[in-house]
Number of protein chains: 2
Amino acid sequence: MTSCMIADSEWPQFRRNVLMGKLPASEAEFLASYDPKKFDAPLATVDVTIFTVINGSLNVLLVRRNEFPYMDKWSLPGGFIDLVGDNDLNATAMRKLKDKTGVDAPYLEQVGTVGSKGRDPRGWSLTVLYFALMSSEKVRLRAGSGASEVAWRPVQNGQVEEVLAFDHEELLKKALERLQNKARYTMLPGYVLPEEFTLTELINIYRVLLEEDIDNPMMRRRLLRTNLLEETGGFREGDTRPAKLYRFAREAAQHVFERNLEGGR
Amino acid sequence: MTSCMIADSEWPQFRRNVLMGKLPASEAEFLASYDPKKFDAPLATVDVTIFTVINGSLNVLLVRRNEFPYMDKWSLPGGFIDLVGDNDLNATAMRKLKDKTGVDAPYLEQVGTVGSKGRDPRGWSLTVLYFALMSSEKVRLRAGSGASEVAWRPVQNGQVEEVLAFDHEELLKKALERLQNKARYTMLPGYVLPEEFTLTELINIYRVLLEEDIDNPMMRRRLLRTNLLEETGGFREGDTRPAKLYRFAREAAQHVFERNLEGGR
DNA sequence: ATAATAGTGTCTTTAAGACAATATTAC
DNA sequence: GTAATATTGTCTTAAAGACACTATTAT
């Protein structure tokens, strides 16, 4: 038992200490002699799938890499954690987001983490995937570091036209799947709209995301029943009957409907 | 622009190469000279919250650490990714699970990733959190590497009695929250039962998890309507009327009810 | 027969879904 | 007025929830 107590992969630093006869006696001593860089740690990155709707179709923010590997290929914005500047993972995600768009997103959520031996040619790597929702209105795209170009690209059937670096096509699918699932029982889709919007605009986002027709009266009642939409007092004027403008109450993103939209499932 | 193209934190290895005048010309050349260990990468671990029900109460598997830091403290089973042996994150989670219990779990799901500067005294660290569900029946607990003791511990109000290492109390809460949420619209709770079970046993798990009374007739219909429970033909005999035994169909874990249990929300 | 648990029947309520009808604007 | 979109009304359906009732076993 004792001989296999420390597995090879588990604590290289500890093992090294043991082999050198330097078994630390206290936690303080252990930490003082501990060097995190000697660990066999995977590469760790954060990637952000930023969605918006432009002219009634779903778009995602892509950047063109200007570094190896996958130089000149398009990818989701993302990169390494800044061990000095980033206090936690969310900070990394928000930094990446702001770096490319110049603004904060009204909604940001962690999707999950993908890690494997083969997903990055440099070695074992994992990436913590986020998705963000924002209106494309005030955004001024900036290439920032690591990218030569930034652009919104339309998403169709869970894909963009471009071939993406790494496993980012898979990541995009995962993020979209999460968003589509949540569209069935939350108000998240609204966060791709500017702060003020009409009910029809909001319902149209659901139509785009779920790729199915949605009954306007039903959806209107479903949304209003939550009491998380407040009238701004303003109207959207057009060639036809003006529509009331609404905004979300603060807790709207947390709301969970008791019943899912059934739709085409 | 060019001067701030490569942020300090982003590509130390690349920066080093640039400073040394070794700008690689091709991806192959770049990869050949690439040394992942020179990266400033966070510590990366995988932790698994393994739930079961023993004598009608929710239990979680804990291990007592026999290594620094937090030596002798209880914690969730987990540890470093084996860059050689583990092909992906799920493999690490399954390995940790099997290492302590000797069996595979009928259900394993990634909850999310927590990472920050301060959660580990050794430095910036992130952990990918999983939760697993299993029957405690056939399990033979084994301390395995890194632990001096392994034991099931009852969970009450989202807590165990023991003080846990690192931020594992928080991780336990996160995993439990996910499980409780899913109990409202999935059949996952059943995966803490042995392969064959009665409907009343299954409903009782929901009661334990959701900490509220659940109408037996309602729940029975809700479960049976899915057609994902098949009768085994056997009966559980007791002092009273025998109960039919059921097992899950293969896809039962994926099933999502259109409507949530409302309960005490 | 009684106790105890397994299992069925029935009624109410709520929200989704379908679709008809009305309201308000520009022209 | 018409066209177009916003908004309201009404009916159906399905499942949750509540609770009364029946069924089957051991004693």
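Up top is the structure these notes are about.
About the cut-offs
Residues numbered from 1 in each chain as written. Chains lettered and ligands numbered in written order. Predicted model: local features only at pLDDT ≥ 70, side-chain atom pairs only at ≥ 80, totals over all residues. Heavy atoms only, no water. Pairing = 2+ DSSP bridges. Helix = DSSP H or I, 4+ residues; strand = E, 2+ residues; numbered from the N terminus. Near = heavy atom within 4 Å. Polar contact = N/O pair within 3.5 Å; in protein donor to acceptor, adjacent residues only side chain to side chain. Nonpolar A, V, L, I, M, F, W, Y, C, P; charged D, E, K, R; others polar. Buried < 20%, exposed > 50% of the residue type's maximum accessible area, 1.4 Å probe, protein only. Expected span 1.5 Å × (residues − 1). Arc of directions from axis to C-beta.

**What to know about the pairing of strand S9 (residues 243-248) of chain A**
Residue and element names in this part refer to chain A. With five bridges joining them, strand S8 (residues 229-236) and S9 adopt antiparallel strand pairing. Considered in S9, the bridge of Leu229 is made with Phe248. Taking the residues between adjacent antiparallel strands as the criterion, S8 and S9 are bridged by six residues.

**Description of the protein's contact with DNA strand C**
Lining the immediate surroundings of DNA strand C are 24 residues, of which Pro217(A), Arg225(A), Asp239(A), Glu262(A) and Thr240(B) lie closest. Here DNA strand C approaches the protein such that, of its atoms within 4 Å, sugar and phosphate make up 62%. Arg222(A) places a side-chain nitrogen or oxygen 3.0 Å from a phosphate oxygen of DNA strand C. Of the residues forming the surface near DNA strand C, the biggest block, five residues, is contributed by helix H6 (residues 216-225) of chain A. Here the residues of the surface near DNA strand C sort into seven nonpolar, five polar and twelve charged.

**Re unusual backbone geometry**
Residues and elements named next belong to chain A. For Asp72, which is not a glycine, the phi torsion comes out positive at approximately 75°. In this fold, Asp72 is placed in the loop between strand S2 (57-65) and strand S3 (74-75). With phi around 65°, Asn227 is a residue other than glycine that occupies positive phi space. Relative to the assigned elements, Asn227 resides in the loop between H6 and S8. For Asn227, a relative accessible area of 65% puts it in the exposed group.

**A few points about helix H3 (residues 89-101) of chain B**
All names here are of chain B. Here H3 contains 13 residues, and its C-alpha end-to-end distance of 19 Å stays within 8% of the 18 Å for a straight helix at 1.5 Å per residue. For H3, the complete set of buried residues consists of Leu89, Thr92, Ala93, Lys96, Leu97, Lys100 and Thr101. Buried residues in H3, looked at end-on, bunch into an arc of 145°, giving them a common side. Taking the backbone nitrogen of Asn90 as reference, a side-chain oxygen 3.3 Å away marks Asp88 as the first, capping residue of H3. Count one or two residues on from H3 and you reach Gly102, which has phi positive near 80°.

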